[in-house]
Amino acid sequence: MAGRWKGRALLVAAAALLGLTAASAAGAQPAATSSSSAALAGTLNIYGFGPGDDVANGRAEFATRSLGSGVTVNNPRGGFNDQAFLAMLASRNVPDVVYLSRASVGTYAAKRAFVPLTSCIRSERIDLKQYRAAALREVTYKGQVYALPEFTNQITLIVNNEVARQAGVNPADIQTTNWRKLRAANKKMLRIEDGKVTRIGFDPKIPEFFPLWVKWFGADIVSKDGLTPRLNSREAVAALEFTHSLIRDHGGWDRFKAFRDTWDFFGRQNQVARNQVGAWPMESWYYNVMADNSPGVDITAKFFTNRRGGPITFFQGNGWAIPRGAKNPGLACKWMKAMTSVDAWMTVAKNRFDLRKRQGREFTGLYTANARADVKIYQDIFQPMGRKQFDEAVVKLVQASKYGFAVPVSPAGAEIKQAYIDAINRVLAGQQTPRASLNQAQREAVAAIRRNR
Amino acid sequence: MTSVAHSTTVPGPRKGARRWFSRFTRAETWVAYAFILPWVFGFLALTAGPMVASLYFSLTNYGVEQIAGFAPTEYVGAQNYRQLLSDEKVRTSLYNTFFFTILSVPAKMALALGLAMILARLVRMAGFFRTAFYLPDITPPVAIGIMLLLLFNGSVGIVNTVLGWFGIPGPFWTTDPNWIKPSLVIMSVWTIGGTMVIYLAALKAVPRHLYEAAAMDGAKPWRQFKDVTLPMISPALFFTFIVLTIAGLQTFTEVYTAYFGAGSAGAEAPDAALMNVVYLFRQAFEFFNMGFASAMAWLLFVIIMIVTAFQFVVSRRFVFYQGEKG
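Residues numbered from 1 in each chain as written. Chains lettered and ligands numbered in written order. Predicted model: local features only at pLDDT ≥ 70, side-chain atom pairs only at ≥ 80, totals over all residues.

Engineer: Report on unusual backbone geometry, specifying residues and quantitative values.
Structural biologist: All names here are of chain A. In this chain, I206 is followed by P207 through a cis amide linkage whose omega measures 10°. Relative to the elements of secondary structure, P207 occurs in the loop between β9 (196-202) and α10 (210-215). You will see that R92, though not glycine, has its phi angle at about 55°, which is positive. Taking the C-beta count within 10 Å as the criterion, R92 has 9 such neighbours and is therefore assigned exposed. Phi at N275 is positive, roughly 55°, even though this residue is not glycine. Here N275 lies in the loop between α12 (253-260) and β10 (277-283). (Helix = DSSP H or I, 4+ residues; strand = E, 2+ residues; numbered from the N terminus. Buried ≥ 20, exposed ≤ 12 C-beta atoms within 10 Å, placed from the backbone.)

The structure is reproduced here in structure tokens:
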């Protein structure tokens with residue numbers, strides 16, 4: 001009897017051992033990450049990253065150092081290209097880690113081209129709380145995180161004070177809460193000479209920032225689970241009607257766009273320096289462009305506010321993901337952890353601040369998806385550098401990060417985006433009414449989700 | 001006469017095959033085939049192979065998962081072809097493509113012929129002008145796409161500036177949907193160098209004595225052009241008509257660069273510029289609907305075949321081949 005029990009106990013122990021082995025084997029792919037303390041060796045193949053600026057390159061150096069001298073980092077510089085990545089998938093020769101727009105992560109995740117980072121996060125003890133929730137939601141598909149986010153590129157209003165003064169507009173009226181006042185300010189600030197636009201009053205930046213205008217109502221263009229598009233909702237139609245009216249005030253999209261295309265956007269004679277625009281919503285990086293090229297511009301940074309007056313901002317940016325079939329997922333996990341770490345951001349922020357100080361130029365901050373890094377950069381590194389307009393803008397941008405949202409991740413993210421861009425273009429071109437055009441976009445988005453879910 | 005007629009009759013299939021195989025007894029046949037072998041290999045591997053594959057994919061759900069081998073490729077029947085009928089953008093893209101082709105092909109042919117006729121009459125500096133007119137043909141299409149936006153900008157573009165000198169207010173070429181396609185047509189005329197060279201060669205080959213005879217019969221220049229020049233160069237005209245039509249129906253690079261690529265500065269992705277191949281590319285490589293994109297490719301292939309067949313049928317009445325009987 002005792003022998004039988006002994007036999008059963010042995011059987012149970014063997015089964016448990018087998019179960020444990022199987023469980024560890026199941027997590028084996030990303031579990032290569034677990035040997036944190038052991039010396040690392042091998043080659044990490046990166047795709048889609050660089051050539052970058054000092055912030056990108058500085059973090060890449062930081063991450064390379066963190067992997068140790070035994071690891072060779074192979075980074076053929078160049079942006080992420082879907083066609084090239086498909087060829088890599090087809091040849092079963094994928095890179096270990098890819099850098100791409102977060103808007104595309106959902107599409108690849110839904111098609112199983114990326115691995116969920118669950119094991120990576122566990123084995124490397126990556127604290128997800130450090131990342132901004134909205135940025136993280138943008139790379140979370142069906143409850144699993146598929147990428148680690150980098151920048152947030154929050155949007156604020158840039159008001160050209162000189163133009164406002166010339167037009168006799170009270171800067172307080174240049175805001176987005178009260179659309180009637182905003183439209184009146186737009187009409188006052190814009191300038192048309194000989195039938196041609198020579199100054200834009202307020203550029204609503206559609207189609208790019210359309211989700212932000214819909215969020216004004218508290219609505220989204222797609223449901224939280226990413227499976228139900230809401231492109232023709234009452235809020236979306238109203239947002240398009242209003243933003244279109246701001247452009248119509250300039251005599252129509254033709255005149256508006258043709259003039260905007262002439263701007264020296266990245267140069268010394270940019271649209272602010274030349275007073276070619278009154279105000280517009282813009283991503284955070286543009287303050288850096290102005291600080292570098294036209295530090296004397298008289299601007300005010302303001303929140304983009306919703307209908308209740310509360311600040312809102314729209315997050316967009318890139319992230320790091322591991323393709324399914326990567327040969328070195330462990331190294332990839334360590335790399336993306338290092339690239340998005342507080343220490344990496346602090347290192348490059350300090351270097352940039354010191355460089356700017358030496359050059360006598362403004363440091364306009366770094367705005368990352370790592371909330372802890374943002375706080376430390378602001379508290380430990382940032383110092384006002386004397387140009388009030390930029391120093392105040394930094395304060396606004398730091399605060400704006402708290403109010404960020406992102407378009408919910410969807411398996412047909414790219415097609416939904418294209419559907420609303422096309423719809424807005426049809427309206428701008430005068431081919432369809434906002435309602436009819438967004439109805440068509442909704443049909444296209446529904447069909448796209450049906451194909452991709 | 002009868003025996004001659006007998007000797008030129010087409011041999012039966014078995015007889016023909018036997019004759020074809022009998023040629024391989026000669027060394028030069030092997031040499032000739034060895035020379036064309038690289039092309040045959042290239043055609044099979046790079047053209048025929050992908051065509052057959054795309055026909056297969058057009059009947060499947062081929063996409064990212066199937067490319068990567070994560071999921072099996074499933075047969076979906078005619079689903080992708082049915083989707084062609086319901087997709088509003090397919091109709092838009094086909095309309096745009098035909099509009100562009102119908103305007104651009106005659107414009108290119110007429111201008112190329114005009115230039116070729118001028119060059120044919122030039123005695124001095126002919127080589128220089130021939131090179132000068134051909135140069136735009138070697139401009140990369142991507143550069144042409146970018147140039148289009150610069151030249152045709154409604155506010156500061158050179159085209160509108162020049163029109164302004166004559167008191168003509170130019171339209172907003174790159175943002176007004178009514179003018180986007182005409183601007184693309186005008187821009188396409190930039191690359192008529194190749195067509196012009198073909199016409200120039202054809203014009204040089206027209207026997208002088210035909211003009212002399214026509215002149216002796218009292219034919220004025222227009223009559224000489226209509227009754228001598230055009231018939232004599234009609235094979236060249238027909239050839240370019242076919243080639244330009246096919247190229248027009250497959251227009252992609254310039255349009256994609258100007259309006260759909262990263263950093264495009266025209267109206268972003270306007271429906272008015274959505275050509276069939278552009279939409280096909282987007283479906284395949286931006287939205288990963290490879291099966292649907294393959295069905296689109298086959299639709300375009302069938303359309304091109306029908307248009308070309310129609311052109312061949314019609315050409316019998318207009319194209320004159322020297323040495324033909326009758």
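Engineer: Explain the interface of chain B and chain A to me, and be specific about the residues and the numbers.
Structural biologist: The interface of chain B with chain A comprises 27 residues on the first partner and 30 residues on the second. Sort the elements by how many residues they give to the side of chain B that touches chain A and helix α4 (residues 64-68) of chain B lands first, with four residues. The residue makeup of the side of chain B that touches chain A, split by class, is 14 nonpolar, seven polar and six charged. (Contact = placed C-beta atoms within 7 Å. Nonpolar A, V, L, I, M, F, W, Y, C, P; charged D, E, K, R; others polar.)

Engineer: Residues and numbers for the nonpolar core, please.
Structural biologist: The biggest cluster of nonpolar side chains holds 167 residues, and the ones touching the most others in it are V105(A) and Y146(A). Among the elements that make up this core, the one with the highest residue count is helix α18 (residues 413-428) of chain A (eight residues). If we ignore the near neighbours within four places in the chain, the residues touching Y146(A) are V105(A), A109(A), F114(A), P116(A), L117(A), V139(A), Y141(A) and A321(A). One finds V105(B), A112(B), A236(B) and L237(B) within the second-largest nonpolar core, a separate group that totals 16 residues. (Core = buried A, V, L, I, M, F, W, Y, C linked by C-beta atoms within 7 Å.)

Engineer: Please set out the domain arrangement of chain A residue by residue, giving values where relevant.
Structural biologist: Accessible area lost on assembly of the parts is the figure often given for the size of an interface. All names here are of chain A. In terms of domains, chain A is made up of domain 1 (36-154 + 315-398) and domain 2 (155-312 + 412-452). The straight-line distance from the C-alpha centre of domain 1 to that of domain 2 is 28 Å. Of the residues lining the interface, 18 residues belong to domain 1; the matching set on domain 2 comes to 21 residues. When residues of the side of domain 1 that touches domain 2 are traced back to their parent elements, those giving at least two are α5 (102-110) and α17 (388-400). Among the elements that make up the side of domain 1 that touches domain 2, the one with the highest residue count is α17 (six residues). (Domains from an automatic or database assignment.)

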